[in-house]
Every structure is written in structure tokens, then in C-alpha cells.
Amino acid sequence: MAVIIEITQCTGCAACQAGCTFGAIEIDGGIAVITDKCICCGACVEECPVQAIRLENEDNLITPAKEKSPLEAYQGVWVFAELRHGAIMNIALELLGEGRKLADTLGVELGAVLIGDKVEPLAQDLFAYGADVVYLVEHAELENYRTESYCAAMEKLIKTYKPEILLIGATNIGRDLGPRLAGRVHTGLTSDCTVLDIDTEKRLLNQTRPAFGGNIMATIICPDTRPQMATVRPGVMKKATPDFNRTGKIVKAFYPPDVKVRTIVRNIVKEARKIVNLEEAQIIISGGRGVGGPEGFKLLEQVADSIGATVGASRGAVDSGWIPSNHQVGQTGKTVHPKLYIACGISGAIQHLAGMQHSSVIVAINKNPNAPIFKIADYGIVGDLFKVLPALLDTLKEINNGSDQCSAI
Ligand SMILES: Cc1cc2nc3c(=O)[nH]c(=O)nc-3n(C[C@H](O)[C@H](O)[C@H](O)COP(=O)(O)OP(=O)(O)OC[C@H]3O[C@@H](n4cnc5c(N)ncnc54)[C@H](O)[C@@H]3O)c2cc1C
């Protein structure tokens, strides 16, 4: 037996709190929350003027067939709204886009979990990108991400409001938070998913991710525990078009008072690297081992400047130390979908293709006619990139009446 509060119906009027002789009800963020002092006497059910409270298995008293399984007590799709330097990360908006579809398929609400210090104004953006409810935990201890404090806040939210599905970005923070949280709430987690959909018959989340070095796609389900948790690769899901007229409900929760946080953040250092926004780039020119060294990448940069492209790279080139890892495209790098992807001196290993195969047009330049990259290229040039790229630069200059900048692309 347990007391259930329907959060969508509860008005936070506190009539139940007044009627509870055990002091077992708190009003948290405008919603009644049952604490562990509850003995399930059911007095609050009578007190509630909007019938938002019920005893979990009261249906059971009428007909045993109607007993709700503990899994059914979990409802709603949640997205962890990751923040950096006080701003919502793109991955959170991508997850809201995907979460909206999943929530609509299941006919449930889409929730966003917003944790931080003085972050409430960001809730409006989360509503704009598709959230119906924002679960907000604000506290000075939550100003910066730390595993213990964020995990404690999330654990409390999950145990109180019971989501059916929880999506977290597979960022450094998400990869740290997800497994610890799944352990705390004793549920399953699939990491680094690239495809999500719902088995509508069983209401299960099909969580698909590359496995065995990208050679197979594994679809994993979590049938026996809730929430079904997945971390999702950044850059794979699509953000919804924001609607800044959308509004929603904010549910405020308290940060648990007894959390022991052993990590002290002394300083956050922003690495002074050139920003490489591969995920948003419309044109990418990428180099692989065939580029031969850092000098070769200077040639790629010249072409990139001329056509307004961003420079990408294979892991082969990154591992050789010719270009920083934030340029890497592929399974362990960025997933990109530009209008034009030019692969120069890249063989086309499956792990590279995993990150760029959905580009609208793929051009490959490679001196080996049997290189696998030609199998997915729309246009292929068999040749030495050190001859092809200078010829391309000359042609672009010609088209643009002698200018280095090409306006034709
Ligand atoms: C778990 C795992 C994850 C991985 N993740 C990634 C990832 O995210 N991204 C990634 O890219 N790889 C990844 N890899 C590595 C991947 O398997 C390949 O080793 C890598 O992509 C090869 O890089 P490359 O194509 O630059 O080099 P190579 O395979 O060595 O290919 C070089 C190509 O350049 C051509 N070439 C040489 N000289 C010239 C020239 N002058 N002009 C034109 N063409 C020339 C050659 O014909 C050849 O095809 C991963 C591997 C594993 C096991």
C-alpha cells in the first residue's frame, strides 16, 4: 500500500497536509509530497478537494485484476537539462526534441530536470523547446556540477516523481552522472545511444547503440525496472523548432539537506582552444592520415577559408597529433550532418562513417580507388589530394574572378 499523488491534478492547496495527523506531507514546489512518516492511513485521500490522492492498491480492494504493478506507477519522459557556465547545452535541447516524440507516442508529459543555483529563468527556454514540466532544484551547492550533489538531487526527484524514461546527454558530465544514478535507483542504463523509439505494445524504450567497435547496432531494453535510462550521443537527435509562447508547469523540489559532497571545485578553467562547431557546420572538409602531417592540414584550412567550411579529421589524423581531438569526426568523435562533407585522404573505416554518413552530399578524394569511402561518396576523385586541392583552389579563384573567397557555395 502506498499513497500516490497525481502531480498533474494537485493544486498545492495543503488541505491534505492539514488533515495528516502524522505530519507526513510536505508541500514542495506547489505540490504535495509524501514523506517516509506516512503510515498509509488514507486520511489525506478524504481531505483532497480535487481527488489528486489515492492509495496505490485501493483498486485492488474491488477487483484484484486492477492492481497496479510498481512499474506502472512510473510515468513521463524526462530529460536532464545539462548546463555549462549557466547556459543550457545543445544536447539538452536535442534530447527535448527527441523526448517530445517519445512522450507523445506514450501519451505522457515531457519533463526537463533543471538543477543549479538561480537557474529558474532558464525554464522558459525548456518550455519553448518542448518541455511540459520543469523539475527545478536550486541550491548554492548545485552551482557547479559535482557527482555527489547532482546525483542526490536527481535521486530525490526520481524517487518522488517516478519518471518512466530518463534521457541524459552522453557528455563528460552525463557519462559521469548516468551510471551512478542508475546504480542508486537500481535500474538499467544504456550508454551512448544513437536511436531511440518506443515499443508501443509493451511501452518499452528501444535503446539502440553501436557495439563491438561500431560493427553491430545493439537494441537494448529495460523491461523490469524504472526509469528506463539512456545516455544519448550529442549531435544525433534533432532539436524541435522553439516556440517561445509555450508555457508549462514548474515543480520545485528541495535539495536534500544531508548530502555529503567530498569534491571541492577550486576553479573552472576554460581551455583556450579555437571553437570548432562541427555539429552546426554546413560544409566540412576533413583530413585523414593521407594528409600526411600538420602541414597538410594547412592546405585543408586554405580550402575551408575559401568555401566557408569547418575542418574535420579522422581519428587517424588526431592520434598522429596533427590536429586537436575536438576536430575528430566519427564514433568516438563528433556526429555531423552537413550539406557537404569533403573527405580527403580518409580510408572510410566504419567508425569514421558512423559520424558522417548522413551528410547530404559526400565528396571523397583518395588515391586508392578501392578505399571504402568511395562506397558512400556521391562524388569521388581518385587522385593525390596535394594535386586535387590546389587545382580546386585555382578553379574556385577563377570562378570568383580572382578572389580567394568563394561565394558560389
Ligand atoms: C573503438 C574505435 C573507435 C574509433 N573511432 C573513430 C572515430 O571516431 N573516427 C575515426 O575517424 N576513426 C575512428 N576509429 C579508427 C578507425 O578504425 C580508423 O583507424 C581511422 O578512421 C583511419 O583513419 P584514416 O582514414 O585517416 O587513415 P587510414 O585508414 O590510414 O587511411 C588513409 C587514407 O589516405 C589515403 N591517402 C594516402 N595518401 C593520400 C594522398 N596523398 N592523397 C589522397 N589520398 C591519400 C590512403 O589511400 C588511405 O585510404 C576508431 C576505431 C576504434 C577501434
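What comes next is a walk through the structure.

Scoring rules and cut-offs
- Residues numbered from 1 in each chain as written.
- Predicted model: local features only at pLDDT ≥ 70, side-chain atom pairs only at ≥ 80, totals over all residues.
- Heavy atoms only, no water.
- Helix = DSSP H or I, 4+ residues; strand = E, 2+ residues; numbered from the N terminus.
- Buried < 20%, exposed > 50% of the residue type's maximum accessible area, 1.4 Å probe, protein only.
- Areas by Shrake-Rupley, 256 points an atom, 1.4 Å probe, with all protein chains shown as cover.
- Lys, Arg positive; Asp, Glu negative; His and termini not counted.
- Charge placed at Lys NZ, Arg CZ, Asp CG, Glu CD.
- Salt bridge = Lys/Arg side-chain N within 4 Å of Asp/Glu carboxyl O.
- Near = heavy atom within 4 Å.
- Polar contact = N/O pair within 3.5 Å; in protein donor to acceptor, adjacent residues only side chain to side chain.
- Nonpolar A, V, L, I, M, F, W, Y, C, P; charged D, E, K, R; others polar.
- Pairing = 2+ DSSP bridges.
- Axes fitted to C-alpha atoms, helices over the stretch in contact; angles between N-to-C directions.
- Contact = heavy atoms within 4.5 Å.

### As for the overall build of the protein chain
Part 1: Counting its regular elements, the protein chain contains 12 helices and 21 strands.
Part 2: Oriented by its inertia axes, the alpha-carbon framework of the protein chain measures out at about 85 × 45 × 40 Å.
Part 3: The 409 residues of the protein chain split such that 48% are buried.
Part 4: Per element, the accessible surface of the protein chain, about 20,300 Å² overall, is 51% carbon and sulfur.
Part 5: A gap of 5 Å separates the mean positions of the 40 positive and 46 negative side-chain charges of the protein chain.

### Section: the pattern of salt bridges
Part 1: Throughout the structure, instances matching the rule amount to 17 salt bridges.
Part 2: Note that Asp104 is salt-bridged to Arg100, the shortest N-O span being 2.8 Å. With Asp104 and Arg100 both in helix α4 (residues 90–106) and four residues apart, this pair spans about one turn of that helix.
Part 3: Here Arg100 makes a salt bridge to Asp132, at a shortest N to O gap of 3.0 Å. Taken together, the positions of Arg100 in helix α4 and Asp132 in the loop between α5 (123–128) and β9 (133–138) put the pair 32 residues apart, joining distant regions of the chain.
Part 4: Given a relative accessible area of 18%, Arg100 falls into the buried group.
Part 5: Through salt bridges that share partners, Arg100, Asp104, Asp132 and Arg246 make up one connected network.

### Concerning the site of the ligand
Part 1: Taken together, 25 residues lie around the ligand, and Arg289, Ser314, Thr332, Ser347 and Gln351 are the ones closest in.
Part 2: For the ligand, an oxygen atom lies 3.0 Å from a polar atom in the backbone of Gln331.
Part 3: One of the backbone N or O atoms of Gly345 is found 3.0 Å from an oxygen atom in the ligand.
Part 4: Relative to its unbound accessible surface of 980 Å², the ligand loses 76% to contact with the protein.
Part 5: Those elements that place two or more of their residues in the shell around the ligand are α9 (315–319), α10 (350–356) and α12 (385–399).
Part 6: Tallied by class, residues from the shell around the ligand come to five nonpolar, 16 polar and four charged.

### Considerations on the sheet that holds strand β20 (residues 361–366)
Part 1: The sheet built from five strands is open, its strands ordered β18-β17-β19-β20-β21 with parallel pairing. Two strands bound the open sheet, and with one partner strand each, they are β18 (310–313) and β21 (379–382). The sheet shows a mean angle of 20° between the axes of neighbouring strands, taken without regard to direction.
Part 2: Pairing between strand β19 (residues 340–344) and β20: five bridges, direction parallel. Bridge pairing links Ile342 to Val363 in β20.
Part 3: Helix-sheet contacts for helix α8 (residues 294–307) involve β17 (283–287), β18 and β19, and the interaxial angle to β17 is about 170°.
Part 4: In this fold α12 packs onto β17, β19, β20 and β21, with an angle of close to 130° to the strand it touches most, β20.

### Points about the side chain of Lys334
Part 1: By the element assignment, Lys334 lies in the loop between α9 and β19.
Part 2: Notably, Lys334 is buried but unbridged: the nearest opposite-charge side chain belongs to Glu279, and the N-O separation is 4.5 Å.
Part 3: There is a polar contact of 3.0 Å between the side chain of Lys334 and the backbone oxygen of Asn326.
Part 4: Aside from chain neighbours lying at most four places away, what touches Lys334 is Val276, Leu278, Glu279, Asn326, Gln328, Val329 and Gly355.

### Looking at the sheet that holds strand β16 (residues 249–253)
Part 1: Taken in spatial order, the seven strands make up an open sheet running β11-β15-β10-β5-β8-β9-β16, and their pairing is parallel. The open sheet has two edge strands, β11 (189–193) and β16, and neither has a second partner. Strand-to-strand twist in this sheet, taken as the mean axis angle between neighbours without regard to direction, amounts to 25°.
Part 2: As defined by bridge partners, strand β8 (residues 110–116) adjoins β9 across six bridges and the pair is classed as parallel. Of the residues in β9, the one forming a bridge with Gly111 is Val133.
Part 3: Contacts from α4 reach β5 (77–80), β8, β10 (165–169) and β15 (228–232), with the element oriented near 175° to β5.

Function-wise, these values are silent; they only describe arrangement.
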